[in-house]
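If you want the building blocks of each chain, they are given just below.
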Amino acid sequence: MEASRGQGGIQQLLAAEQEAQQIVNAARNAKMTRLKQAKEEAEKEIAEYRSQMELAFQKKVAASSGHSGANVKRLEEETDTKISNLKVEAGRISHDVVQMLLKQVTTVKN
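Here the structure is a predicted model, which means the values were calculated and not measured. (Residues numbered from 1 in each chain as written. Predicted model: local features only at pLDDT ≥ 70, side-chain atom pairs only at ≥ 80, totals over all residues. Heavy atoms only, no water.)

**Digging into the overall build of the chain**
Then comes step 1: Secondary structure assignment for the chain yields one helix and zero strands.
Then comes step 2: On C-alpha atoms alone, the chain measures out to a radius of gyration of 46 Å, which is more than a quarter above the 13 Å that the 2.2 N^0.38 rule sets for 110 residues.
Then comes step 3: With respect to the principal axes defined by its C-alpha atoms, the chain has extents near 150 × 40 × 10 Å.
Then comes step 4: Looking at the 110 residues of the chain, the share that counts as buried comes to 0%.
Then comes step 5: For the chain, the exposed surface amounts to about 10,400 Å²; the carbon and sulfur share of it is 60%.
Then comes step 6: Measuring between centres, the 17 positive side-chain charges of the chain sit 8 Å from its 15 negative side-chain charges. (Helix = DSSP H or I, 4+ residues; strand = E, 2+ residues; numbered from the N terminus. Rg over C-alpha atoms; globule rule 2.2 N^0.38 Å. Buried < 20%, exposed > 50% of the residue type's maximum accessible area, 1.4 Å probe, protein only. Areas by Shrake-Rupley, 256 points an atom, 1.4 Å probe, with all protein chains shown as cover. Lys, Arg positive; Asp, Glu negative; His and termini not counted. Charge placed at Lys NZ, Arg CZ, Asp CG, Glu CD.)

**Looking at the pattern of salt bridges**
Then comes step 1: Within this structure, the stated rule accounts for three salt bridges.
Then comes step 2: Between Arg34 and Glu41 there is a salt bridge; the shortest N-O distance is 4.0 Å. (Salt bridge = Lys/Arg side-chain N within 4 Å of Asp/Glu carboxyl O.)

**Considerations on a nonpolar patch on the surface**
Then comes step 1: A surface patch of nonpolar side chains, about 340 Å² in accessible area, is lined by Ile93, Val97, Met100 and Leu101.
Then comes step 2: On the secondary structure map, Ile93 appears in helix 1 (residues 2-106). (Patch = residues over 30% accessible without salt bridge, like charges linked within 9 Å, V, L, I, M, F, W, Y side chains within 5 Å.)

**What to know about the environment of Asp96**
Then comes step 1: Take Asp96: it is sitting in helix 1.
Then comes step 2: Of the residues examined, Asp96 reaches a relative accessible area of 52% and is grouped as exposed.
Then comes step 3: It is 103 Å that separates the C-alpha atoms of Asp96 and Ala26, two residues lying 70 residues apart in sequence.

**Some points on the environment of Glu17**
Then comes step 1: Mapped onto the secondary structure, Glu17 falls in helix 1.
Then comes step 2: Sequence separation between Glu17 and Leu55 is 38 residues, and the spatial gap between their C-alpha atoms is 57 Å.

Right under this line is the structure:
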């Protein structure tokens, strides 16, 4: 009788061990499934964020390129204005400069 009770206890322990192993395996599989799901979700969020940042970057590049053309035009206009101002000023004082140079060249000092 003792042997059959010991045998029954061993059978119970083996059954409990198998049940525990199944629970551990199920938990491990659930964990792996959740990790894969979390990884997929993270990759999806990263892709969305990357596309948003890329779109914002493209908009910024397009906006700055448009301003670049406007800046070039504005600088050209400013340069042309300054050149014409210099020509007018040079034309206004050129007679005086020529007279001063002639005076200096023709004056003899001892």
